[in-house]
Protein chains: 2
Amino acid sequence: METWDAITSRRNVRQFASRQIPEEMLQQILEAGRRAPSSRNWQPWDFVVVTDREQLRELSKVWRGGAHVADSAATVALVVDDSDDQKVRERQQYDLGQASMGMMIAAADGGVGSGHSAVADQALARQVLGLPEGKRVALLIDLGYPADRPLKPIRNPGRRPFAEVVHRDRW
Amino acid sequence: METWDAITSRRNVRQFASRQIPEEMLQQILEAGRRAPSSRNWQPWDFVVVTDREQLRELSKVWRGGAHVADSAATVALVVDDSDDQKVRERQQYDLGQASMGMMIAAADGGVGSGHSAVADQALARQVLGLPEGKRVALLIDLGYPADRPLKPIRNPGRRPFAEVVHRDRW
């Protein structure tokens, strides 16, 4: 797919078809995340990709809004060091955002929808994923083919107008 | 360009050819940022895109490592509310990361290189860009055609091995 079509087709998907994501496609999505840039190339992330249905059901309980994780074809847990240093946390967040967007655009390229899911119960998330000490799950990215209609370029994405968001040379 | 080629061609560029970015391409890059997903679609960003050479020179002084901004074809200042609330700041950072990656992949699709530049002197950045009270520049994304060699898919991107980063079902 052309890059611009993938970028404009990406949308949040929360209802998934039962169809699995082919292994090669799933690896390409994760590879896009692995390749993301990060501050001084520190790559603060580990990705735990969950496809086992029972694991997905358990993982869906870490946030009350996370029910769709249970029905996803795969969910990627974004794992980082559990730091109290606010500067470190902000850097982690920015770089996780970059990795997430890379994965979501790669997913859209293959017709795979994606969404974000928060982690409220950190202890449960750690237990379900078997994380070592000192790690936390920053966010879950759920993946799957949309149940409603295939991804296709969106003309009006529901954002603030371009002329309001973009300023030229000065505010 | 195919999406996967754009994703794998993206690399940090800090030395730019003098060639300008066509207006249509620049707008497409910014549009990719505008379309990025964000927490509850709050779109916490404004983008100030600077192409005026004198403005770029001034902007390059906001960080000692930012000299390449002066030679960029365009630099996008990512502007957000200047909040003290750490949760808000972390959400801003994640969403700015998503918007940045969308812009950088859209840029790579057009052969345009990109890089990150920090903002150390916030007061100077605000003054150069004429920001209203209560706003800060979180980061600069510099853009331009590479001076060395055109972007092309990178086989080995210099990252931790896939098998180390990616875990299946459990850590």
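All of the points below concern the structure found in this document. The numbers attached to residues start from 1 for each chain and follow its sequence in the written order. Chains and ligands are labelled by the order in which they are written, letters from A for the one and numbers from 1 for the other. Restriction of local features to residues with pLDDT of at least 70 applies here, the model being predicted, together with a cutoff of 80 or more for giving and counting side-chain atom pairs; totals for whole chains, interfaces and linings are based on all residues. The side-chain quantities take in all heavy atoms of the structure and omit both hydrogens and water.

1. Regarding the pairing of strand E2 (residues 74–81) of chain B
Residue and element names in this part refer to chain B. Stated formally: To sort residues, take the accessible area from a 1.4 Å probe on protein chains only and compare it with the maximum for the residue type: under 20% means buried, over 50% means exposed, and anything in between is partly exposed. Put simply, DSSP H or I for four residues or longer makes a helix, DSSP E for two residues or longer makes a strand, and each gets a number counted from the N terminus. Criterion used throughout: strands pair if DSSP finds at least two bridges between them.
Among the 8 residues in E2, 7 count as buried, and that is most of the element. Examined bridge by bridge, strand E1 (residues 46–50) and E2 share 5 bridges and lie antiparallel to one another. By the bridge assignment, Val50 is partnered in E2 with Thr75.

2. As for the packing of helix H2 (residues 23–34) of chain A against helix H5 (residues 86–109) of chain A
Residues and elements named next belong to chain A. As a reminder of what qualifies: Axes here mean lines fitted to C-alpha atoms, for a helix over just the part in contact, with angles spanning 0 to 180 degrees between N-to-C directions. Orientation labels follow simple angle bins: below 35 degrees gives roughly parallel, above 145 gives roughly antiparallel, 65 to 115 gives roughly perpendicular, and whatever is left gives oblique. Left-handed describes a crossing whose near helix is turned anticlockwise from the far helix by less than a right angle; the clockwise case is right-handed. For this analysis, residues touch if any pair of their heavy atoms sits within 4.5 Å. Side-chain classes follow a simple rule in which Ala, Val, Leu, Ile, Met, Phe, Trp, Tyr, Cys and Pro form the nonpolar group, Asp, Glu, Lys and Arg form the charged group, and the remainder, Gly included, forms the polar group.
Two numbers describe how H2 lies on H5: the axes approach to 7 Å, and their chain directions differ by 150°. As summarised for this structure, H2 and H5 are arranged roughly antiparallel, according to the angle between their axes. The two elements H2 and H5 meet at a crossing, and its hand is right-handed. Judged by residue contacts, Met25, Gln28, Ile29, Leu30, Ala32 and Gly33 of H2 engage Ala99, Gly102, Met103, Ala106, Ala107 and Asp109 from H5. In terms of residue class, the contact of H2 with H5 is built from 8 nonpolar, 3 polar and 1 charged.

3. Focus on the environment of B:Gly102
Tracing the backbone through its elements, the reader meets B:Gly102 in helix H5 (residues 86–109). The buried category is assigned to B:Gly102, whose relative accessible area is 0%. Distance from B:Gly102 to B:Leu30, taken between C-alpha atoms, is 8.8 Å for residues 72 residues apart in sequence. Here B:Gly102 is in contact with A:Ile7, A:Met101, A:Ile105 and B:Ala32, once residues within four sequence places are set aside.

4. A few points about the relation of the copies chain A and chain B
We apply this condition: Fitting of the copies onto one another was done by least squares over C-alpha atoms, counting residues only where both copies have pLDDT of at least 70.
The two copies are related by a screw operation: chain A maps onto chain B through 180° of rotation and 0.0 Å of translation along the axis, at an RMSD of 0.0 Å. Here the two chains are linked by the operation of a two-fold rotation axis.

5. So, the interface of chain A and chain B
Our working rule: Buried area is calculated as the accessible area (1.4 Å probe) missing from two parts once they are joined, with the contributions of both summed. In what follows, salt bridge is the name for a side-chain nitrogen of Lys or Arg lying within 4 Å of a carboxyl oxygen of Asp or Glu. Polar contacts, as counted here, are pairs of nitrogen or oxygen atoms within 3.5 Å of one another; within protein the pair requires one atom able to donate a hydrogen and one able to accept it, and residues that are adjacent in sequence qualify only if both atoms are side-chain atoms.
Between chain A and chain B, the residue contacts involve 75 residues of the former and 75 residues of the latter. Carbon and sulfur atoms supply 53% of the area that chain A and chain B bury against each other, a total of about 6600 Å² over both sides. Together, A:Arg35, A:Tyr94 and A:Trp171 form the three largest contributors to the area buried by chain A at its contact with chain B, with a combined 13%. In this structure, the connection of chain A to chain B is made through 6 salt bridges. Close ionic contact of B:Glu90 with A:Arg89 constitutes a salt bridge, the shortest N to O distance being 2.8 Å. Our count for the chain A to chain B interface comes out at 62 residue pairs in polar contact (both at pLDDT 80 or more). Considering each element in turn, the side of chain A that touches chain B owes the most residues, 16 residues, to H5(A). The residue makeup of the side of chain A that touches chain B, split by class, is 35 nonpolar, 20 polar and 20 charged.

6. A word on the pattern of salt bridges
Residue and element names in this part refer to chain B. The full count for this structure, using the stated rule, is 26 salt bridges over all chains. Two residues, Asp148 and Arg11, come together in a salt bridge whose shortest N-O distance is 3.5 Å. Remark: Arg11 occurs in the loop between helix H1 (3–9) and helix H2 (23–34) and Asp148 occurs in the loop between strand E4 (135–144) and helix H7 (162–165); sequence separation between them is 137 residues. With relative accessibility at 14%, the residue Arg11 sits in the buried group.

7. Quick notes on the environment of B:Arg159
Topologically, B:Arg159 is positioned in the loop between E4 and H7. Here B:Arg159 falls in the buried class, since its relative accessible area comes to 19%. Apart from residues no more than four positions distant in its own chain, B:Arg159 is found in contact with A:Arg34, A:Arg35, A:Ala36, A:Pro37, A:Asn41, A:Gln43 and B:Arg10. Among the polar contacts made by the side chain of B:Arg159, one reaches the side chain of A:Asn41 at a distance of 3.1 Å.

8. As for the packing of aromatic side chains
What counts here: For Phe, Tyr and Trp, rings pair up if their centres lie within 6.5 Å, where Trp contributes its six-membered ring, and each pair is then called stacked (planes under 30 degrees apart), edge-to-face (over 60) or tilted (otherwise). Throughout this description, the term charge over a ring refers to an Arg CZ or Lys NZ atom that lies within 6 Å of the ring centre and within 35 degrees of the ring normal.
Here the structure, examined in full by the defined rule, presents 2 aromatic pairs over all chains. Relative to A:Phe47, the ring of A:Trp45 lies with its centre 6.0 Å away and its plane at 20°, an arrangement referred to as stacked. Exposure class is identical for A:Trp45 and A:Phe47. Each is buried. One Lys or Arg, B:Arg91, reaches over the ring of B:Trp42 and ends 5.8 Å from the middle of that ring.

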